[in-house]
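Each chain, written out:
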Amino acid sequence: MRIPAVALAAFTFAASAAGPSAVERGRYVAVAANCAACHTRDGGAAWAGGRPLATPLGTIHSTNITPDRETGIGAWSAADLKRALREGVAADGRHLFPAFPYTFYTRMTDADIADLYAYLRTLKPVRYVPPENDAAFGLRWTMGAWKALNLESGAYRPDPAQSPEWNRGAYLVQGPGHCGACHTPRTWTLAAQSSAPLRGAVMQDHVPGGSVRDWFAVDLAATKQGLGAWTVQQIAEYMGKGASARAGSFGPMNAVIAGGTSRLTAEDLRAIAVYLKSLRGEDYAGPAVGAEAAAAGAPHYERHCRECHGPSGRGGLFDGPPLAGSAVVQGEDPSSLVNIILYGSDRPAVLGSHVWEAMPAYAQELGDEEIAALANYLRGSWGNRAPPVEPGSVARQR
């Protein structure tokens, strides 16, 4: 079926009748893709790379994408950038590793890629060479075979059965937003599992001090353990402000929201929310916390959590977000829940204040067994259902 031109037009970032310039449109593309978050190291020049990215194969460092001709991409043509985004191939012909999420960026339209190139050319050139990657990333030749198995190259194709708003949200999520890079589980080849898109996955991220910690990027489908209890407005508000009536941001989501989604238009935030609410999946039906294990954590909840989150786990407008039906609490892997109990919330100042009290850290106050018991109480109460947490899981996150 031929896609109407009006639907195709919905996938570019041209936002006003006056017609923003290619550079202005490209700036918005870069925001939607949150390029600066990965290509700027702590304390380093913007866009110059060097940020360590944790992967199951070791640490890889982001590249310099400023227009410096020797250490950046100043010598790249528009076609070179398009090839990198669509096919994962650098200007010199080297295969790129999918830590640079070209498996998602390949869905970007030609127009958005051209605009992004125009914007990147306006950045200040920075002469900087990132550190060497870990040894596993010396085997670049293997990526040709990996891409033959796992890369489906090509721009997003709108679904004519869906609305322009839904298609816009699908494009942003599947393409520049690359949400599946964290929220989709991986196969044995470390490719995104196409049979379970956005259903939640374990990821790794560097934390202050240089160590790496596991996190669980939650299920984004409209399931009981995912976003089933969220409204479209709550999803859009969370992405735009880092907090809604359902949750507040912490951990790796802080960078996603602060540098990316909080700078999107209200229309785009709603489009993403509409798309996410349309995703369906099976509710978790595996091993779950039993009544006895949940009861063991009740005293810890009464002592440390009840005041803010309430006796029913529904939270309070000025105290704390709900724990009943929480995607973080019910994560198939407990890493993110354990992290916030251990280290508290870390909402960045750039997102502004919120009416809730800050979540305190309990790493010094509670032992591994106590935190595991508390986590089991949360995961087995108020209708929540999730696998039990063992003290060893807590110990690994310390």
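The text that follows walks through the structure, step by step, so that each part is easy to find. These numbers come from a predicted model, not from an experiment.

### Quick word on the overall build of the protein
Each helix and strand counted, the protein has 18 helices and four strands in total. Taken over C-alpha atoms, the radius of gyration comes to 22 Å for the protein, in line with the 21 Å a tight globule of 398 residues would show. By its C-alpha atoms, the protein is 65 × 50 × 40 Å across when sized along the principal axes. Each of the 398 residues in the protein was classed as buried or not, and the buried ones make up 49%. Taking all contacts inside the protein whose residues are at least 6 apart in sequence as the whole, residues at least 24 apart take part in 63%. Total accessible area computed for the protein in this model is approximately 18900 Å², and 55% of it derives from carbon and sulfur atoms. When the 36 basic and 36 acidic side-chain charges of the protein are each reduced to a single mean position, those positions are 6 Å apart.

### Let's talk about the nonpolar core
Inside soluble globular proteins, nonpolar side chains tend to come together where they are buried. Judged by nonpolar contacts, the single largest core of 60 residues is most densely connected at Trp47, Leu116, Leu120, Tyr275 and Leu276. Broken down by secondary-structure element, the contributors of at least two residues to this core are α2 (22-33), α4 (78-87), α5 (102-105), α6 (110-120), α7 (143-150), α8 (164-174), α10 (232-241) and α12 (266-278). Leu323, Ile340, Ala375 and Tyr377 belong to the second-largest nonpolar core, a separate cluster that totals 24 residues.

### Points about the pattern of salt bridges
Inspection of the entire model under this criterion finds 14 salt bridges. The residue Asp92 makes a salt bridge to Arg94 at a minimum N-O spacing of 2.8 Å. Given a relative accessible area of 54%, Asp92 falls into the exposed group. By relative accessible area, which is 42% here, Arg94 ends up partly exposed. Linking Arg306 and Glu302 is a salt bridge whose minimum nitrogen-to-oxygen distance equals 3.2 Å. Look at Glu302 and you get partly exposed, because its relative accessible area is 45%.

### As for the side chain of Thr184
Residue placement: Thr184 occurs in the loop between α9 (180-183) and β3 (201-206). A polar side-chain atom of Thr184 sits 2.8 Å from the main-chain amide nitrogen of Leu198. Apart from residues no more than four positions distant in its own chain, Thr184 is found in contact with Ala192, Gln193, Ala196, Pro197, Leu198, Gly200 and Ala201.

### Quick word on the environment of Leu323
The topology assignment puts Leu323 in the loop between α15 (306-309) and α16 (335-343). Its relative accessible area of 11% is what places Leu323 among the buried residues. Sequence spacing of Leu323 and Met203 is 120 residues, and the spatial spacing of their C-alpha atoms is 22 Å. Setting aside chain neighbours within four positions, we find Leu323 in contact with Tyr301, His309, Gly313, Val329, Leu378, Trp382 and Asn384.

What counts and what doesn't
Residues numbered from 1 in each chain as written. Predicted model: local features only at pLDDT ≥ 70, side-chain atom pairs only at ≥ 80, totals over all residues. Heavy atoms only, no water. Helix = DSSP H or I, 4+ residues; strand = E, 2+ residues; numbered from the N terminus. Rg over C-alpha atoms; globule rule 2.2 N^0.38 Å. Buried < 20%, exposed > 50% of the residue type's maximum accessible area, 1.4 Å probe, protein only. Contact = heavy atoms within 4.5 Å. Areas by Shrake-Rupley, 256 points an atom, 1.4 Å probe, with all protein chains shown as cover. Lys, Arg positive; Asp, Glu negative; His and termini not counted. Charge placed at Lys NZ, Arg CZ, Asp CG, Glu CD. Core = buried A, V, L, I, M, F, W, Y, C linked by side-chain atoms within 4.5 Å. Salt bridge = Lys/Arg side-chain N within 4 Å of Asp/Glu carboxyl O. Polar contact = N/O pair within 3.5 Å; in protein donor to acceptor, adjacent residues only side chain to side chain.

Purely geometric stuff here, so don't read any function into it on its own.
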